[in-house]
Amino acid sequence: MSQKKITIIDVAQYAGTSVTTVSLVLTGKGRISPATAERVNQAVDHLGFVRNRQASTLRGGESGVVGLIVRDICEPFYAEMTAGLSEMFEAQGKVLFLLQSGSTSQGMSRCFDTLLTHGVDGIVIAGGEHAPAGLKAKADEQGVPLICASRASGIDGVDLVRPDNMLAAKMATEYLIKRGHKQIAYLGGLSDSLTRADRLGGFCATLVQYGLPFRSEWIIECDYQQKCAADAAETLLRHYPKISAIICHKSSVALGAYFGIMRTGNLIGGGAVDNFFQQQIALIVMEDAPEAELTEPPLTSITSSAREIGHAAARRLMMRIGGQNLEAQSIIIPPGLIERQSA
């Protein structure tokens, strides 16, 4: 009969401590009293717990693993950013350990505690606009560097690497205005999104700058499903046929809007009026994706430089893992414009 494998939870229960405390003792990090450390080590010896990766992270050592928490690994922005992180960490001989938290603070806390328990060298939090309190304190207690690589929000006292969402929206709006568009709508995103709030700020400020009307009924909230975006775009254009351009919150919204415009009988492109019955609707998307080149015409995009955000976040975290004592910094990566034929 096989013997039950002893886990870190068994050690914590036997020693009368938390799992986090056992992890601290095994990794040699944090502030643990000698008496507690001795009790944990005695439990390890008595139970026959096998020290695996934690054995290589005893005081002064590193595990070679960096943790990454993302809300949704399917989002193109975070997939591209993850690739950038992985490229940089692999060049330094480190492995990226990826966890998906979902949209809740409980999911974020669970992922964070899991990474600390496994003795990672550092943690990158990507997204998660409502990060639970206490993450920085937990990381500091265990001596684990922490960085945020996010679209909009960060954590007080923690390095933040992010895109300039407001500037990106300004660029998109100004691009359309300079091509003669005066009736411009914004489609997509949810009301609780800080990224959307930043982009709408840039959108509205640019309209005001050029003396164009701001119409709240032309700012449409919808989720990221293509069908939802298609229905929203079609309804918008049927109610307000003078709209000549739409800025889309993300690539999936733009693809949905593409089909919604086609349903109205209008064309997609940067021109004004084709004939009495058909109008050309300019379409521009706030983040680039491979499928943006597959539509006809291809979609003009504002790129958020997600891979470069990953590179910058990795460089900053490696400096902290290396022991550099740095003030928390906000690093903003500027957007770029990819001109195609849809606007």
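Bear in mind that the values here come from a model prediction, so they are computed numbers and not experimental data.

Rules used in this analysis
Sequence positions are assigned chain by chain, starting from 1 and proceeding in written order. For this predicted model, a pLDDT threshold of at least 70 governs which residues receive local features, and a threshold of 80 or more governs which side-chain atom pairs are given and counted, while totals over whole chains, interfaces and linings are taken from all residues. Based on all heavy atoms of the structure, the side-chain values leave hydrogens and waters out of the count. Numbered from the N terminus, helices here are DSSP runs of H or I no shorter than four residues, and strands are runs of E no shorter than two. The contact rule is simple, with two residues in contact once any of their heavy atoms fall within 4.5 Å. Working definition of accessibility: Shrake-Rupley area with a 1.4 Å probe, residue cover restricted to the visible protein chains. Only four residue types enter the charge count, namely Lys and Arg as positive and Asp and Glu as negative; His and the chain termini do not. Where a charge lies is defined by one atom per residue type: Lys uses NZ, Arg uses CZ, Asp uses CG and Glu uses CD. For this analysis, a nonpolar core means a set of buried residues of the types Ala, Val, Leu, Ile, Met, Phe, Trp, Tyr and Cys, connected via side-chain atoms within 4.5 Å. A simple rule labels every residue: compare its accessible area, found with a 1.4 Å probe on the protein chains alone, to the largest value its type can have, and call it buried under 20%, exposed over 50%, or partly exposed in between. Salt bridges are counted wherever a side-chain nitrogen of Lys or Arg sits within 4 Å of a carboxyl oxygen of Asp or Glu. Convention adopted: a line fitted to C-alpha atoms gives each axis, helices being fitted over their contacting stretch, and angles between N-to-C directions are expressed from 0 to 180 degrees. Here is the rule for angles: anything less than 35 degrees is roughly parallel, anything more than 145 is roughly antiparallel, 65 through 115 is roughly perpendicular, and the remaining ranges are oblique. Helix crossings are classified by the rotation of the near helix relative to the far one: an anticlockwise turn of less than a right angle makes the crossing left-handed, while a clockwise turn makes it right-handed. Under the scheme applied here, ten amino acids are nonpolar (Ala, Val, Leu, Ile, Met, Phe, Trp, Tyr, Cys and Pro), four are charged (Asp, Glu, Lys and Arg), and all others, including Gly, are polar. Pairing between two strands requires that DSSP report at least two bridges joining them. A helix is expected to span 1.5 Å multiplied by its residue count minus one. When we speak of the arc, we mean the arc of directions from the helix axis to the C-beta atoms.

A. Here's a closer look at the overall build of the protein chain. Helix and strand content of the protein chain: eleven helices and 13 strands. The dimensions of the protein chain, computed from C-alpha atoms along their principal axes, are 85 × 50 × 35 Å. Contacts in the protein chain between residues at least 24 apart in sequence constitute 69% of all its contacts with a sequence separation of at least 6. Taken as a whole, the protein chain presents about 15,800 Å² of accessible surface, with 53% of it coming from carbon and sulfur. The positive charge centre, built from 32 side chains, and the negative charge centre, built from 34, are 2 Å apart in the protein chain.

B. Examining the nonpolar core more closely. In terms of nonpolar packing, the biggest core is built from 25 residues, with Leu187, Ile246 and Leu283 touching the most fellow members. Every element with two or more residues in this core is listed here: β6 (184-187), α9 (226-239), β8 (245-248), α10 (251-263) and β10 (280-285). The element best represented in this core is α10, accounting for six residues. Among residues more than four places away in sequence, those in contact with Ile246 are Ala185, Leu187, Leu236, Leu237, Ile261, Ile281, Ala282, Leu283 and Ile284. One finds Leu68, Phe77, Leu85 and Ala149 within the second-largest nonpolar core, a separate group that totals 22 residues.

C. Fine view of unusual backbone geometry. Each neighbour pair has its own omega, and for Glu296 with Pro297 the value is 5 degrees, a cis peptide bond. Relative to the helices and strands, Pro297 resides in the loop between β10 and β11 (300-303). For Ser305, which is not glycine, the phi torsion reads 55 degrees and is therefore positive. Structurally, Ser305 is set in the loop between β11 and α11 (306-321).

D. The side chain of Arg196, seen in detail. The topology assignment puts Arg196 in helix α8 (residues 194-209). The buried charged residue Arg196 lacks any salt bridge partner; its closest oppositely charged side chain belongs to Glu221, at an N-O distance of 5.0 Å. Every residue in contact with Arg196, bar those within four places of it in the chain, is listed here: Gly188, Gly189, Leu190, Ser191, Ile219, Ile220, Glu221 and His249.

E. Structural context of the packing of α9 against α10. Where α9 contacts α10, the two axes come as close as 7 Å, and the packing angle between them is 45 degrees. When the axes of α9 and α10 are compared, the pair comes out oblique. Of the two elements, α9 crosses α10, and the hand of that crossing is right-handed. Between α9, through Gln226, Ala229, Ala230, Asp231, Ala233, Glu234, Leu237 and Arg238, and α10, the contact on the second element is made entirely by Ser252, Val253, Leu255, Gly256, Ala257, Gly260, Ile261 and Arg263. The residue makeup of the contact of α9 with α10, split by class, is eight nonpolar, four polar and four charged.

F. Molecular detail of the pattern of salt bridges. One pass over the full model with this rule turns up 17 salt bridges. As a salt-bridge pair, Arg320 and Asp159 come within 2.5 Å of each other at their nearest N and O atoms. With Arg320 in helix α11 and Asp159 in strand β5 (residues 159-163), this pair connects stretches of sequence that are 161 residues apart. The shortest N-O distance in the salt bridge between Arg263 and Glu234 comes to 2.9 Å. Taken together, the residues Arg263 in helix α10 and Glu234 in helix α9 connect sequence positions 29 residues apart. Within the structure, one salt-bridge network assembled from shared partners comprises Lys227, Asp231, Glu234, Arg238 and Arg263.

G. Spotlight on the pairing of β8. On β8, burial covers both faces: Ala245 and Ile247 on one face and Ile246 and Cys248 on the other are all buried. The pairing of β6 with β8 spans four bridges and is classified as parallel. In the strand pairing of β8, Ile184 is matched with Ala245. As paired elements, β8 and β10 share four bridges and run parallel to each other.

H. Looking closely at helix α4 (residues 76-91). Taking 1.5 Å of rise per residue, the 16 residues of α4 would be expected to cover 22 Å, and the 23 Å separating its terminal C-alpha atoms lies within 8% of that figure. Listed as buried for α4 are Phe77, Tyr78, Met81, Thr82, Gly84, Leu85 and Phe89. Along the long axis of α4, the arc covered by the buried residues comes to 160 degrees, so they all point the same way. More than 90 degrees from the buried face of α4, the exposed residues found are Glu90 and Ala91. Among the structural elements, β1 (65-70), β2 (95-100), β3 (122-126), β4 (146-149), β5 and α11 are those in contact with the buried residues of α4. Following α4 by one or two positions, Gly93 adopts a phi angle in the positive range, close to 75 degrees.

I. Structural context of the sheet that holds β4. Strand order across the open sheet formed by six strands is β2-β1-β3-β4-β5-β12, with parallel pairing between neighbours. One side of each edge strand has no neighbouring strand; the edge strands of this open sheet are β2 and β12 (330-333). For this sheet, the mean inter-axis angle between neighbouring strands, taken without regard to orientation, is 20 degrees. Sheet topology places β3 next to β4; four bridges connect them, and they run parallel. By the bridge assignment for β4, Val124 is matched with Ile147. Sheet strands touched by α4: β1, β2, β3, β4 and β5. Its angle to β1, the strand with the most contacts, is close to 170 degrees.

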